[in-house]
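For reference, the chains in residue letters:
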Amino acid sequence: MMLSPSRNVSRLLTDTASRHPERTAIVFGDDRITYAALDAAANRVANLLASRGIQPGDKVALSCPNVPHFSSVYFGILKAGAAVVPLNVLLRSGEIAYHLADSDAKAYFAFEGTPELAIAQAAWEGFRATDGCTEFFLIESGGAAGAGHRSRTRRPSPSSP
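The sections below set out a description of the structure shown in this document.

About the cut-offs
- Sequence positions are assigned chain by chain, starting from 1 and proceeding in written order.
- Residues qualify for local features only when their pLDDT is at least 70, as the model is predicted, and side-chain atom pairs are given and counted only at 80 or more; totals for whole chains, interfaces and linings, by contrast, use all residues.
- As a rule here, side-chain values cover all heavy atoms of the structure and leave hydrogens and water aside.
- Here a helix means four or more residues in a row that DSSP labels H or I, a strand means two or more in a row labelled E, and each is numbered from the N terminus.
- Only protein chains enter the area calculation, which uses a 1.4 Å probe; residues under 20% of their type maximum are buried, those over 50% are exposed, and those in between are partly exposed.
- Contacts are assigned to residue pairs with any non-hydrogen atoms lying within 4.5 Å of each other.
- Residue-level accessible areas treat just the shown protein chains as cover; the underlying method is Shrake-Rupley with a 1.4 Å probe.
- Axis angles are defined between N-to-C directions and span 0 to 180 degrees, where every axis is a line fitted to C-alpha atoms and, for a helix, only to the segment in contact.
- Here the angle decides the label: under 35 degrees means roughly parallel, over 145 means roughly antiparallel, 65 to 115 means roughly perpendicular, and every other value means oblique.
- Put simply, a crossing is left-handed when the front helix is turned counterclockwise from the back one by less than a right angle, and right-handed when it is turned clockwise.
- For this scheme, ten residues count as nonpolar: Ala, Val, Leu, Ile, Met, Phe, Trp, Tyr, Cys and Pro. Four count as charged, namely Asp, Glu, Lys and Arg, and the remainder, Gly too, count as polar.
- Each nonpolar core is a collection of buried residues, namely Ala, Val, Leu, Ile, Met, Phe, Trp, Tyr and Cys, held together in the definition by side-chain atoms within 4.5 Å.
- The salt bridge definition used is simple: a Lys or Arg side-chain nitrogen within 4 Å of an Asp or Glu carboxyl oxygen.

## Some thoughts on the overall build of the chain
- The number of helices and strands found in the chain is five helices and seven strands.
- The N-to-C order of helical and strand elements in the chain reads α-β-β-α-β-α-β-α-β-α-β-β.
- The 161 residues of the chain split such that 40% are buried.
- Considering only intrachain contacts with a sequence separation of at least 6, the fraction spanning at least 24 residues in the chain is 67%.
- Summing over all exposed atoms, the chain offers an accessible surface of approximately 9000 Å²; the carbon and sulfur share of this is 52%.

## Comments concerning unusual backbone geometry
- Despite not being glycine, Asp-104 shows a phi value in the positive range, around 60°.
- With respect to the helices, strands and loops of the structure, Asp-104 is situated in the loop between helix H4 (93-103) and strand S5 (105-111).
- Overall, Asp-104 belongs to the partly exposed group, its relative accessible area being 48%.

## A closer look at the packing of helix H2 (residues 35-51) against helix H3 (residues 68-79)
- As a packed pair, H2 and H3 sit with axes 7 Å apart at the nearest point and diverge in direction by 50°. Here H2 lies oblique to H3, going by the angle between them. Regarding H2 and H3, the two cross each other, and that crossing is right-handed. Residues Leu-38, Asp-39, Ala-41, Ala-42, Asn-43, Val-45, Ala-46 and Leu-49 of H2 lie in contact with H3, whose contacting residues are Ser-71, Ser-72, Val-73, Phe-75, Gly-76, Ile-77 and Lys-79.
- By residue class, the composition of the contact of H2 with H3 is nine nonpolar, four polar and two charged.

## Things to note about the nonpolar core
- Formed by 21 residues in total, the largest nonpolar core has its most connected members in Leu-49, Val-60, Leu-62, Val-73, Ile-77, Phe-109 and Ile-139.
- Of all hydrophobic cores here, the second largest spans 16 residues; its members include Leu-91, Ala-122, Phe-127 and Cys-133.

## Thoughts on the pattern of salt bridges
- The full count for this structure, using the stated rule, is three salt bridges.
- Where Asp-15 meets Arg-11, a salt bridge forms, and the shortest distance between an N and an O atom there is 3.2 Å. Placement of the pair is Asp-15 and Arg-11 together in helix H1 (residues 9-19), with a separation of four residues, close to one helical turn.
- Assessed through its relative accessible area of 16%, Asp-15 is described here as buried.
- You can call Arg-11 partly exposed: its relative accessible area is 42%.
- Across the pair Arg-52 and Glu-135 runs a salt bridge whose closest N-O atoms are separated by 2.8 Å. Of this pair, Arg-52 sits in the loop between H2 and strand S3 (59-63) while Glu-135 sits in strand S6 (residues 135-139); the two residues are 83 residues apart in sequence, bridging distant segments of the chain.

Okay, structure coming up:
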């Protein structure tokens, strides 16, 4: 089947969820996530981004290891019409700040991490060190893919650099 060049990759998820909602899309340990659940989680991410003013063509950074949340956030960013800026989970805060500024990312999703790899701490510090990236979303590890997102919006203050 030949795909239209204007077709967004996220449309493949939407189409598959429509045709085969109960089929398994992701297997992670003992967890099984259906196409319908993955599509719904991606839609929640897209709606969240739209509610925060993310426009088609904007860039959204993502620091997340290979866990189910990666897929729901990745597809959600695409569904919002934004471009994904994937960041290595091993980056330090200064490196994150550099990549956020260099890519012109408007928003940033970061997985909370583990005690051995505290992704969220470096992510938050890197986010705070940039001016153009205004939305920070923490991906919490519990629950189904895409379920837990806490967010913060950068608010200008007299103490900001």
